[in-house]
Each structure stands twice: as C-alpha cells, then as structure tokens.
Amino acid sequence: MKVVICGAGQVGFGIAERLAGEQNDVSIIDTSARRIQVVTEQLDVRGVVGQGSHPDVLAKAGIEAADMLIAVTLHDEVNMVACQVGHALFNVPTKVARIRAQTYLAPEWRDLFSRDQLPIDVVISPEIEVGEMVLRRLSLPGATDTVTFADGAVVVVGALCGEDCPVVNTPLSQLTQLFPDMPATIVAVSRGGRTLVPRSTEQLQVGDIVYFVARADQVRRGLSLLGHDEVPGQRIVIAGGGNIGYYVASELEKRNAAARVKLIEANRDRAQAIAEVLSRTVVLSGDALERAILDEAGVSEADTMIALTNDDRINILSCLLSRQIGAKRILSLLNEQGYATFARGLGIDAHVNPRQITVSKVLQHVRRGRIRGVHALLDGSGEMIEAEALETSPLVGKPLKDLDLLEGLRIGAIVRNGQVLLPRGDTVVRAHDRVVLFALNDRIKRVEQLFRVALEFF
C-alpha cells in the first residue's frame, strides 16, 4: 500500500513507523526539516519538507499513486485542506484527518465532512477517544488498559496479576474446571517485557499483565478472578484543563451525579473559561506541581488523581507528588513511549497514550479484509482486532480445536446476532460472525488473509 502522511510529530512518526515496518510504501511530509531528517534516518520512508496542504508538496510525496492520505499535523485546517486537495486534484481513495477542535464535530455540522463538502473518509478526534478511555479507567479502577469492541458489547481489559491473585500458578486449561461459568477469555500476557499468546498449559505468574476479553456486563467478575475488587472512586482530581481534561470533567458531570470533581488548570484565562461552563466541578487556577494547590484540591483525600496536561514530565511528577500526599490511585496521560515503559515502575497505576490510540484508529482503516476495529496493545507488540468472518474464511465451519491456523493468535469472543459467545474448543465460527481476537505483530498479515473475500490468499 502506498501511503502519504502529513505531519511528522509523535503521531505521524508512530503511524509511519508501524506502516513502514509492515512493508508499506510510506512518504511523510512536515514543515520542519529537522523532523523529516529524524524520521528518514530512523525509518525506511521518503521524507518531503513542506506544507502538507500544498499540491506541489503532495505531488513530490507521490500522492498521485497513493492509496491513502493521512493528515495528522497539529493544525486542523491544514489537515482538512490536505484531504480536500488530495480528493479534488489527485483522487486519493481514502483520506484520514485528525480533527481536534470539537466545534467541527458538533452534531449540527455533521454534513461538513460529506463527499460533497470536505471529502474526509475518516475523522479521528483524539481528545474524545482519550477522554473515553480515561472514563473507562475510572469506572474500572483495577484495570491497566481497556478497549471496547462490537459496539461496546465486548470489552478487552488488561490487569496486573498481583500477590493476591487467586489463579496464580494455575494452568489456564484448569480455569474453566475451577470456574465453570468463567466470564472471560485470557488472550495475551505481558511478562518480563515479552508478549505471550498463552497456551492451555500456561500458568499465570505474579507480575504478569494479563489481557482478557469479556462481555461488558461481566468485566468486573473477570477482574475479581485476577484479585481486583476495587470500587470506583467518587472523589476525583484532574490536573490539566485542556480539551481532554475538560471533556472528562464535563462527562463526569453528566454520567456520575455522585462524583466530586476538582480540576487544576495553570492558565488563568482557560481556568475561568471552563469554570463558567462546568456546573459542579470546582476549577482551581494554579500549578499542579505546587503542594499548596494540590492540598487545596484535596488530593490527600482523593480516590483518583488524573494528570492530563500536555507535558509528560508534569503529569508524571504531579502523579508521584499526589501519591506521596495520599491519593489512592494515580493515572497519567503519557505521549512519549519511553516514559510509558517505566510508568508502572514509578508507581503509576495506569497510563493513557494518545499516540497509540490515534495509531490504532488509523490501522483500523489500513488493515485489509473485513476489519471493523483495531487497538494496538503492549507497546505495539500485538493488536486486538475485530473482524467479520465470511463464507470463504477457513475459520468458518470447523471446531476451533481442529484448526491449525491460530498459531500466534487467540480468539477472545464471537458476536453472533447480537449475542456474545466466549470460545471453547468445540466452538464453530459461522459466516458473518464478528470475531474479536488478539494477534502478535508477525501474525497480523495472517489475520487479514483469514478475513478477506478472495480464496487465492489461502
């Protein structure tokens, strides 16, 4: 696939890294010569310095032959114009744009991105995606990661296997015997920096990060089997009143009448502006690294402290200071992948990575076959994928125990006619089932083949 990416920041670099690693033909555009130099030195991509919305710059990047244009610069308007130019002058089949300003996404303007107006095929709003993930983490305090599939009917959850985990050192094959109505399927394990697709003989160990798939109404039971019975907290402090922090606070006001939310914002004008809109949230203007401000926000009595500023270092330090003061749980927004890798070692309970979320949304539309959803897990070492099984798929019609196609893959759930089924050895996938599975990176192409229409791939 030939892909042109506008924007070589963290998100653009992450997308280019993933697509180039899968042997796609990638060109990347940025106004910064330094960024282009860094990208081209580290990745097998073509770099072009210039404005991604300019036709001549797009032409230099090879837009005439592109299958997809992905515009993820820092400016919404540049992203929108780049897609318009790609459509009008170069007839690019698929155009993806990151749109951050919520005014463009308001329901009353839903026709803005239609083919007759601004022809953008996929609009990605990272603030909403990240905000929703933060809200899910708040509702499931024992989880380190959460993502939904099948229109919210299926939830994938990551959780730490601690000393008090009741299933430590128990072979997975015995779990269904011990818990006949076990509400979850374990699909992946992170252990010592390695990602495993567990076999039936695998035993969970203390320190593992375990990923399981469950029906939405069974997630808490799944967490309890791993020793997590934490109750969602109602006293919440948010550091950062940007788009994400504001979204989380406003949604908490709508969804949780019992929540007592305090928000810290460093910019006085921004603090005043959001205080006038939020009705039940207490907004404080100040530095989230100052002890006096944290004390005023009541961090010592907070059930959860969430750091959502644009600076990873402020987020990490404010979380650690809040923990020292007495916050029961801390959650941080982390953009830099390097910071994310040692966040747990610092004592941060969970983190959210906007870049990974945005890359996952893009991958959903890059993947071939009937792929409905994608979410990268464990620093990109694997993906959760939702796909529709077609009549021609070799998955269809045979019990799962008789298939030799699933090495490096693990099916977590099957959605059939709106009903969520957890797979067993004698489960048979039918045509038009929606299958939610985990795949290691080197098996993703195989997943695409399993869910494509043409027979020649098999």
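Quick caveat: nothing in here was measured; it's all calculated off a predicted structure.

1. Section: the sheet that holds strand β4 (residues 68-71)
Then comes step 1: Strand order in the open sheet made by the six strands is β3-β2-β1-β4-β5-β6, with parallel pairing throughout. The open sheet terminates on both sides in strands that have one partner only, identified here as β3 (46-49) and β6 (122-124). Direction aside, the axes of adjacent strands within the sheet are offset by 15 degrees on average.
Then comes step 2: Along the sheet face, helix α1 (residues 10-21) touches β1 (2-6), β2 (25-30), β4 and β5 (94-98) and points at about 165 degrees away from the line of β2.

2. Some remarks on the environment of G86
Then comes step 1: In this structure, G86 sits in helix α4 (residues 76-88).
Then comes step 2: Given the relative accessible area of 0%, G86 is considered buried.
Then comes step 3: Counting along the chain gives 75 residues from G86 to C161, while the straight-line C-alpha distance between them is 48 Å.
Then comes step 4: The residues contacting G86, other than those within four sequence positions of it, are L69, N91, V92 and K95.

3. Considerations on the layout of surface pockets
Then comes step 1: Approximately 1100 Å³ is the volume attributed to the largest pocket.
Then comes step 2: With four residues, the top contributor of residues to the lining of the largest pocket is α1.
Then comes step 3: A class-by-class count of the residues in the lining of the largest pocket yields 19 nonpolar, 22 polar and nine charged.
Then comes step 4: Size it by volume and the second largest pocket reaches roughly 780 Å³.
Then comes step 5: If you go around the second largest pocket, you meet 25 residues; those closest to its centre are I186, P198, R199, S200 and R410.
Then comes step 6: Those elements that place two or more of their residues in the lining of the second largest pocket are α6 (172-178), β9 (184-191) and β20 (409-416).
Then comes step 7: In terms of residue count, the dominant contributor to the lining of the second largest pocket is α6 (four residues).

4. Quick notes on the pattern of salt bridges
Then comes step 1: Overall, the coordinates contain 25 salt bridges when judged by the stated rule.
Then comes step 2: For R434, the salt bridge identified is with E386, shortest N-O distance 2.7 Å. With R434 in strand β22 (residues 434-440) and E386 in strand β19 (residues 382-388), this residue pair connects regions lying 48 residues apart in the sequence.
Then comes step 3: Among the residues examined, R434 registers a relative accessible area of 17% and is labelled buried.
Then comes step 4: Linked through salt bridges whose partners overlap, the residues forming this network are E132, E251, K254 and R255.

5. Examining empty space enclosed by the protein
Then comes step 1: As enumerated under the stated definition, the model contains one cavity of 30 Å³ or more in all.
Then comes step 2: Taken together, V167, L175, F179, M182, A184, I186, F212, G222, L225 and L226 make up the lining of the largest cavity.
Then comes step 3: Mapped onto the lining of the largest cavity, the elements with two or more residues apiece are β9 and α7 (219-225).
Then comes step 4: Here the residues of the lining of the largest cavity are counted per class, giving nine nonpolar, one polar and no charged.

6. Digging into the sheet that holds strand β18 (residues 371-377)
Then comes step 1: Read from one edge of the open sheet, five strands run β18-β19-β22-β20-β21, paired in antiparallel fashion. Edge positions in the sheet fall to β18 and β21 (419-421), since each has one partner strand and no second. Ignoring which end each strand starts from, the neighbouring axes of this sheet average 20 degrees apart.
Then comes step 2: For β20 and β22, the ladder comprises six bridges, and the chain directions are antiparallel. The residue bridging V415 from the neighbouring strand is R434, located in β22.

7. Side note on a negative patch on the surface
Then comes step 1: Taken together, E163, D164, D229 and E230 make up a surface patch of like negative charges.
Then comes step 2: Among the secondary structure elements, D229 is positioned in the loop between α7 and β12 (235-239).

8. Quick word on helix α5 (residues 126-139)
Then comes step 1: Over its 14 residues, α5 runs 20 Å from end to end, which matches the ideal 20 Å to within 8%, given 1.5 Å per residue.
Then comes step 2: Those residues of α5 that sit buried are P126, E127, V130, G131, M133, V134, L135, R137 and L138.

9. Quick notes on the packing of α5 against helix α8 (residues 243-255)
Then comes step 1: Packing of α5 against α8 leaves a shortest axis separation of 9 Å and a crossing angle of 50 degrees. Comparing their axes, α8 and α5 come out oblique. Considering only the axes of α5 and α8, their crossing is right-handed. Contacts from E127, I128, V130, G131, E132, V134, L135 and L138 of α5 reach α8 at N243, I244, Y247, V248, E251, L252 and R255.

Basis of the calculations
- Residues numbered from 1 in each chain as written.
- Predicted model: local features only at pLDDT ≥ 70, side-chain atom pairs only at ≥ 80, totals over all residues.
- Heavy atoms only, no water.
- Pairing = 2+ DSSP bridges.
- Helix = DSSP H or I, 4+ residues; strand = E, 2+ residues; numbered from the N terminus.
- Axes fitted to C-alpha atoms, helices over the stretch in contact; angles between N-to-C directions.
- Contact = heavy atoms within 4.5 Å.
- Buried < 20%, exposed > 50% of the residue type's maximum accessible area, 1.4 Å probe, protein only.
- 1 Å grid on protein atoms, 1.4 Å probe; cavity = no way out; pocket = protein on both sides within 12 Å on 5 of 7 lines; lining within 4 Å.
- Points joined across faces, edges and corners; volume = space filled by probe spheres on them.
- Nonpolar A, V, L, I, M, F, W, Y, C, P; charged D, E, K, R; others polar.
- Salt bridge = Lys/Arg side-chain N within 4 Å of Asp/Glu carboxyl O.
- Patch = residues over 30% accessible without salt bridge, like charges linked within 9 Å, V, L, I, M, F, W, Y side chains within 5 Å.
- Areas by Shrake-Rupley, 256 points an atom, 1.4 Å probe, with all protein chains shown as cover.
- Lys, Arg positive; Asp, Glu negative; His and termini not counted.
- Charge placed at Lys NZ, Arg CZ, Asp CG, Glu CD.
- Expected span 1.5 Å × (residues − 1).
- Parallel < 35°, antiparallel > 145°, perpendicular 65-115°, else oblique.
- Left-handed = near helix turned anticlockwise from the far one by under 90°.

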